[in-house]
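# Coordinate analysis (summary)
Next come the chains, spelled out residue by residue.
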There are 2 protein chains.
Amino acid sequence: MKIESGIELFRKPLYLESGRILEPYQIAWTTYGKLNSYRDNVILVTHALTGSHKPVKEEGCEIFNNGWWDTLIGDGKAIDTKRYFVISTNVIGSPFGSTSPISPINPLNPTNELYRFRFPVITIRDMIRAQHILLQSWGIRRVKAIIGGSMGGMQALQFGVDYPNFAEKIIAIASTWATQPWTIAFNRVTQEAIMRDPKFQNGNYSIDEVAKNGLDGLAIGRMAGHISFLSHHSMKKKFGRNYLKDDGFYDINGRFQVDSYLQYNGNKFSKKFDPLSYLYLTKAINIFDLSNGFESLQHALEGVVAKTILISFSGDLLFLPSELEEVKEAMEEIGKGDLVKYFEVNSNYGHDAFLIEFDKFQDIIKNELKN
Amino acid sequence: MKIESGIELFRKPLYLESGRILEPYQIAWTTYGKLNSYRDNVILVTHALTGSHKPVKEEGCEIFNNGWWDTLIGDGKAIDTKRYFVISTNVIGSPFGSTSPISPINPLNPTNELYRFRFPVITIRDMIRAQHILLQSWGIRRVKAIIGGSMGGMQALQFGVDYPNFAEKIIAIASTWATQPWTIAFNRVTQEAIMRDPKFQNGNYSIDEVAKNGLDGLAIGRMAGHISFLSHHSMKKKFGRNYLKDDGFYDINGRFQVDSYLQYNGNKFSKKFDPLSYLYLTKAINIFDLSNGFESLQHALEGVVAKTILISFSGDLLFLPSELEEVKEAMEEIGKGDLVKYFEVNSNYGHDAFLIEFDKFQDIIKNELKN
């Protein structure tokens, strides 16, 4: 499998939903496989909150959680790179190479001042606009499919609404059409933990220092995040009531295995992800509503012409199965029932299922790409 | 209804499950109604994590959330103070008058040094031992019932195991027989947020300052707590996607109504509850397992002779209905099926149902007290 990657700089302004602009801006990308001469074998894979343009594992890659869909993408896999030219881009706002709050306001200007809180709020719509521009600049006018989970699924759905003729198929997994308050609340906990951390310094933290030692606020928030990704059942199965054998049971600092899991992952994450980016990306997730600017979800879906495949997981607490089911129902109500397929995958793994339970949904993707 | 309250000082040591002792120690209490001459009309009401010995609303009372079971307790109410003498005590470790981490190590000694992290880890078993001693000191050898929700339910169940002949009836609500990792994880988030807050000063914070301005770590943790008390459904119903009208939609600091709810309640709570007590009480909850020291839950329940009434709520995510159902099943397995009744109340209010959905379970309590 041929892998290429790079960062594209755009000097023209990116017009944002908020009315603000990013100018210039850049997009980090990776491609897998070969673009055919008709340029019509493209699949765009969109990433989740803490994902990146590195869905396939790369040795020595320092990017957090790279290889997040390694099982799905490759030669002969569900997203088959022998047939398809797979593109993944780092979304605007994410810290792995695309323009984000910790980018210089003007990368061409030697003063190199970073955006930090001067960065504009970006939306899912803005993320996909930037990706659309990148693909157009490569002469790609239409793609076979856009596939993503969680925030990646939001992008896929938004593509179906904003650029109806761009994708033949939309595959949204473990996602929603409008973020609900339970999920907003989890994001809020992390936002508060970051912003109240004195070391965050209202956004003026030392980037090197935080990369080296992490930020407690982000670590704490990530621990809450892990609760939301899992479920009562998956935690029980994974950890039970196992207590660390070197910790005293009656020691106030004694820990269960689940405690130590949260600490380890929270601390690790806080050195690998930028706290300002986390604030901006969770903001984008929280304000996401496919019906923004429309009278209703039905109205938003009026223009959709892509085949729309929706995959939810029964145990997902962040994005309930009913939320994607509502998209199916709305499409049926407006006479687009033939375009939509809805799958509810039985899983106890909570939201994380889209990064774990490949056995249970990769065949759906494989089949739907064939049809 | 006659209300009396006070603080009882015990000079003899309280022997703790950990092997450590508290000496001396004190217990804050409130009573409602009148003790009859046979001293056999007593109901003990046990409180939850952030509850207190003030289940009935008192004007001018500064204790957080006082009146938490105001609907249930009073003349003619489900727990009828015309018939019963209702006792509620503040548990050991809680900051509302009983001995806790912010108590002086020796209240009789003028140096008045506070325990802080020298306070011993206390368990549910220790909490009830102290209550049992208090009631015995009042000449009460047996009570009609012990009733509590959440951590209060743990105490009720533990009474049934440790002092089999003490209570005629045990009523445990929205509780568990062993805290599961999902719930431990939520407590861990708060514990980490508290301990990593620089103002916490490893437990040596200024108590006056924290009471005045709150502690960010506790506020953040409480926000996570609120998520665990509610549910996807109850949050959707309560908040929807309502956005604060004075906040900009594309402002990074703009908030949904749910954000503002969490901020308000988190901040308020952090001025009303002591962070060290929070650490110790959540520790007690996390290590609670009715089968500790026994081979199994069945073995732990062998000695139970009280009628055991278990009430769970369908939407409770902290303590799943199945957890109390397992107590029922275990009692059936050991031939005590005639002693146990299990009720699953249909509710979308999550764990908070035991403080909200009185209409749905007060009749169960009323009827079971009669039988």
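Refer to the structure printed above.
Presented here is an overview of the structure given in this document.

### Here we look at the overall build of chain A
Broken down by element type, chain A carries twelve helices and twelve strands. Taking 2.2 N^0.38 as the reference for a compact globule, 371 residues should give roughly 21 Å; the C-alpha atoms of chain A span a radius of gyration of 20 Å, in line with that estimate. When the backbone C-alpha atoms are referred to their principal axes, chain A occupies close to 65 × 55 × 45 Å. Looking at chain A as a whole, 62% of its 371 residues qualify as buried. Partitioning the contacts of chain A with sequence separation of at least 6, the portion at a separation of at least 24 is 72%. Across chain A, the mean location of the 41 positive side-chain charges is 5 Å away from that of the 42 negative side-chain charges.

### Points about the sheet that holds strand β11 (residues 307-313) of chain A
Residue and element names in this part refer to chain A. Pairing is mixed across the open sheet formed by eight strands, whose spatial order is β1-β4-β8-β5-β9-β10-β11-β12. Of all strands in the sheet, those with a lone pairing partner are β1 (3-10) and β12 (340-345), marking the two edges. Between one strand axis and the next, the sheet turns through 20 degrees on average, direction left out of account. Relative to β12, β11 runs parallel, the two sharing six bridges. Its bridge partner being in β12, S312 is matched across the sheet by E344. Strands in contact with helix α10 (residues 321-333) are β10 (167-173), β11 and β12; relative to β11, the strand with the most contacts, it is inclined by about 155 degrees.

### Let's talk about the relation of the copies chain B and chain A
By a simple turn and slide, chain B fits onto chain A: the slide is 0.0 Å along the axis, the RMSD is 0.0 Å, and the turn is 180 degrees. Within this description, the copies of the chain are treated as partners about a two-fold rotation axis. Looking at the rotation axis and the C-alpha trace of chain B, the residue lying nearest is A224 of chain B, at 3.6 Å. The fraction of interface residues of chain B whose copies in chain A are also interface residues reaches 100%, indicating that both copies meet through the same surface.

### Some points on the sheet that holds strand β12 (residues 340-345) of chain B
Residues and elements named next belong to chain B. The eight strands are arranged β1-β4-β8-β5-β9-β10-β11-β12 in an open sheet whose pairing can be described as mixed. Of all strands in the sheet, those with a lone pairing partner are β1 (3-10) and β12, marking the two edges. Mean inter-strand twist for the sheet, computed between neighbouring axes without regard to direction, equals 20 degrees. Pairing analysis gives four bridges linking strand β4 (residues 25-32) to strand β8 (residues 85-89), with the strands arranged antiparallel. Note on β8: the bridge partner recorded for T31 is I87. Sheet contacts for helix α12 (residues 358-370): β5 (42-46), β9 (143-149), β10 (167-173), β11 (307-313) and β12; angle to β10, the most-contacted strand, approximately 170 degrees.

### Digging into the side chain of D352 of chain A
Residue and element names in this part refer to chain A. With respect to the helices and strands, the residue D352 is situated in the loop between β12 and α11 (353-356). K238 provides the closest opposite charge to the buried, salt-bridge-free D352, at an N-O distance of 6.7 Å. Not counting residues up to four positions away in its chain, the partners in contact with D352 are F229 and L230.

The rules behind each value
- Residues numbered from 1 in each chain as written.
- Chains lettered and ligands numbered in written order.
- Predicted model: local features only at pLDDT ≥ 70, side-chain atom pairs only at ≥ 80, totals over all residues.
- Heavy atoms only, no water.
- Helix = DSSP H or I, 4+ residues; strand = E, 2+ residues; numbered from the N terminus.
- Rg over C-alpha atoms; globule rule 2.2 N^0.38 Å.
- Buried < 20%, exposed > 50% of the residue type's maximum accessible area, 1.4 Å probe, protein only.
- Contact = heavy atoms within 4.5 Å.
- Lys, Arg positive; Asp, Glu negative; His and termini not counted.
- Charge placed at Lys NZ, Arg CZ, Asp CG, Glu CD.
- Pairing = 2+ DSSP bridges.
- Axes fitted to C-alpha atoms, helices over the stretch in contact; angles between N-to-C directions.
- Least-squares fit on C-alpha atoms with pLDDT ≥ 70 in both.
- Salt bridge = Lys/Arg side-chain N within 4 Å of Asp/Glu carboxyl O.

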